[in-house]
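Here's the letter readout for the chains.
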Amino acid sequence: MKFPGSKLLHQVDLSMAGVSLTEILRSCRQVGLTGLAEVRFPDAMGMIFFYLGNEVNALFREGAVAHNGQSALERLLQTQADEGSVAVFELPLDIAHLLRGITQRRRLKDDISNAQDFEALLTRLENAEHTGTLEAQTPAGNAMLLLVRGRVSNVYWETPEGVTFEKGDARRKLDRAVASGGASLVLSDFSQSVWKDRHEFSSSATPPERAPGEAPPSTEQLVSEEMANRNQALDDLENELPSLLQAVFFDLMTGTIFARRMRGTHALRVSLLAERLPALAIFIRDLAIAEDEDRVESIEIATEKVAGVLAVVERTQEGIAVLAEKSQPLASIHAALSRCIRDYVSRQRPIRGTKNTQ
């Protein structure tokens, strides 16, 4: 199934002499692909997801047996077939960002025939607190819904002409299409273990290779540079905020804390609050998207003794939270965080190879 916003770069027939799956995947790594390679054999099919040239997830189905992650990639590479094809697609960064963690992708048995059935399905997924993707294929176009703990976090819609819509416009077009012609659906889970292990998976799946005339950074180097960049951001905050107690750098999809700064023994009394801040940021962000189609930029917290600010780094889908003594004005925390994020994103550009739009 075609993911909304995807762009077909090229399609290769594996029956051609001198063409192999290994060579195609090598070229995807060398060009720094963010997207996917869809592999089709006569009796099996698979998908390999790339993020900035690194394999970060894979799915493989052979008959009724499905694999994901490292085992899927190994089965794909071990499959010997004289026939088949490989289609390479480029994906938007936000779609690729989520697909790094999908698993258990399966077609739902019953197609949706009307709007009421579709709403009933979304209600069941909400009650089950499902996190993952729901893909919908209709005669009028294709859609992907991103679900976080049962709530619709975002919607993408692509017309047959290849025009892509997002959020409210996408949801309205999807609802009209379902009401008029129904939809066939594919549901996926989001595996936090796959997400957290994405760098290790990439490293073990494909050792770093040299592009012609250039030595691209290895996965280990990328991870090291990203962590150094986060630590630099927290160092900057610690230097700018004399009353800082704790600062944490975390992932907005899983809540995983990447890096932390603590100053003095007084920081211990806010440790429990600091641990809960990533979950709070994720909850409020998802709530704003689901109810208002809005994006959270920052969240303020104030108690009798503590002033806190959580800020979202939209480009990297990360968050930074600062807890300081109440004597530290919230305005100064906001100013320091803004400078910190601006510098962090500017340093991130050469690491990830993306343009700075923050």
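Provided above is the structure to which this section pertains.
These remarks concern the structure in this document. Note that the coordinates shown come from a computational prediction; the quantities given were computed from them, not determined experimentally. Going along each chain's sequence as written, the residues are numbered from 1 onward. Only residues with pLDDT of 70 or above have their local features reported here, since the model is predicted, and side-chain atom pairs are shown and tallied only from 80 upward, although totals for entire chains, interfaces and linings are computed over all residues. Processing note: side-chain calculations cover all non-hydrogen atoms of the structure and skip hydrogens and water entirely.

**With respect to the packing of aromatic side chains**
Each Phe, Tyr or Trp ring, with Trp reduced to its six-membered ring, pairs with another whose centre is within 6.5 Å; inter-plane angles below 30 degrees give stacked pairs, above 60 give edge-to-face pairs, and intermediate values give tilted ones. Per the stated rule, a full pass over the model turns up 1 aromatic pair. Aromatic side chains Phe249 and Tyr344 sit 5.0 Å apart centroid to centroid with 55 degrees between the ring planes, which places their arrangement in the tilted category. Residue Phe249 is found in strand E13 (residues 244-251), and its partner Tyr344 is found in helix H10 (residues 330-352); the two are separated by 95 residues along the sequence. We classify Phe249 as buried; its relative accessible area is 0%. Exposure categories follow from relative accessible area, calculated using a 1.4 Å probe and restricted to protein chains: below 20% of the type maximum is buried, above 50% is exposed, and the middle band is partly exposed. Residue classification places Tyr344 among the buried positions, given a relative accessible area of 0%. For a ring to carry a charge above it, either NZ of a lysine or CZ of an arginine must fall within 6 Å of the ring centroid while also lying within 35 degrees of the normal to the ring plane. The residue whose ring lies beneath Lys173 is Phe165, and the NZ or CZ to ring-centre distance is 4.5 Å. A cation sits over an aromatic face here: Arg230 above Phe258, 4.0 Å from the ring centre. Here a strand is any run of E in DSSP of at least two residues, a helix any run of H or I of at least four, and the numbering for each starts at the N terminus.

**Looking at the sheet that holds strand E9 (residues 141-148)**
Pairing between sheet strands relies on hydrogen bonds along the backbone, with the strands arranged either parallel or antiparallel. One open sheet accounts for 6 strands, arranged E7-E12-E8-E9-E10-E11; its pairing is antiparallel. The open sheet is flanked by strand E7 (102-107) and strand E11 (164-166), the only strands paired with a single partner. Between one strand axis and the next, the sheet turns by 20 degrees as a mean value, whatever way the strands run. As paired strands, E9 and strand E10 (residues 151-158) are joined by 7 bridges and run antiparallel to one another. Of the residues in E10, the one forming a bridge with Asn142 is Glu158. Whether two residues touch is decided by their heavy atoms; if any such pair falls within 4.5 Å, the residues are in contact. The axes are straight lines fitted to the C-alpha atoms, using for helices just the contacting stretch, and the angles between their N-to-C directions are given from 0 to 180°. The sheet contacts of helix H4 (residues 115-127) involve strand E8 (132-138), E9 and strand E12 (184-190), and relative to E8 the element is tilted by about 170 degrees. The strands touched by helix H5 (residues 167-181) within the sheet are E8, E9, E10 and E11, with E10 carrying the most contacts at an inclination of about 75 degrees. Paired strands are those between which DSSP finds at least two bridges.

**So, unusual backbone geometry**
Here Glu129, not a glycine, exhibits a phi torsion of approximately 55 degrees, which is positive. Tracing the sequence through the fold places Glu129 in the loop between H4 and E8. Residue Glu129 is classed as exposed on the basis of its relative accessible area of 54%. Although it is not a glycine, Lys167 adopts a positive phi angle of roughly 60 degrees. As for its position among the elements, Lys167 is in helix H5. Taking the relative accessible area as the measure of exposure, Lys167 reaches 25% and is therefore partly exposed.

**Quick look at the pairing of E8**
The buried fraction of E8 amounts to 6 of the 7 residues, a majority that puts the element mostly inside the structure. Examined bridge by bridge, E8 and E9 share 7 bridges and lie antiparallel to one another. In the sheet register, Thr133 faces E9, and the bridge partner there is Leu146. In this structure, the hairpin formed by E8 and E9 is closed by a connection of 2 residues.

**Here's the deal with the nonpolar core**
The definition of a nonpolar core used throughout is a set of buried Ala, Val, Leu, Ile, Met, Phe, Trp, Tyr and Cys residues joined through side-chain atoms within 4.5 Å. Formed by 22 residues in total, the largest nonpolar core has its most connected members in Leu237, Ile320, Val322, Ile333 and Leu337. Elements with a minimum of two residues in this core: helix H8 (219-240), E13, strand E16 (306-313), strand E17 (318-325) and H10. The residues touching Leu237, leaving out its near neighbours within four places in the chain, are Leu244, Ile320, Val322, Ala336, Leu337 and Cys340.

**What about the side chain of Arg105?**
Turning to its location among the elements, Arg105 is positioned in strand E7. At a separation of 2.7 Å, a polar atom in the side chain of Arg105 contacts the side chain of Glu135. Whenever a nitrogen or oxygen atom comes within 3.5 Å of another N or O atom, the pair is scored as a polar contact, on the condition that within protein one atom can donate a hydrogen and the other can accept it, and that pairs from neighbouring residues in sequence are kept only if both atoms are in side chains.

**Thoughts on empty space enclosed by the protein**
The rule is simple: put a 1 Å grid over the protein atoms alone, call a set of points where a 1.4 Å probe fits but cannot get out a cavity, call an open set with protein on both sides within 12 Å along at least five of seven lines a pocket, and count a residue as lining if it has an atom within 4 Å of a point. Grid points are joined across faces, edges and corners, and a volume is the space filled by probe spheres set on the points. Tallying each qualifying case throughout the model produces 1 cavity of 30 Å³ or more. Surrounding the largest cavity, Phe250, Leu252, Ala281, Arg285, Val296, Ile299, Leu310, Ala311, Val312 and Gly319 form its lining. Counting residues per element, the ones that place at least two in the lining of the largest cavity are helix H9 (271-292) and E16.

So yeah, pure geometry; function would need other evidence.
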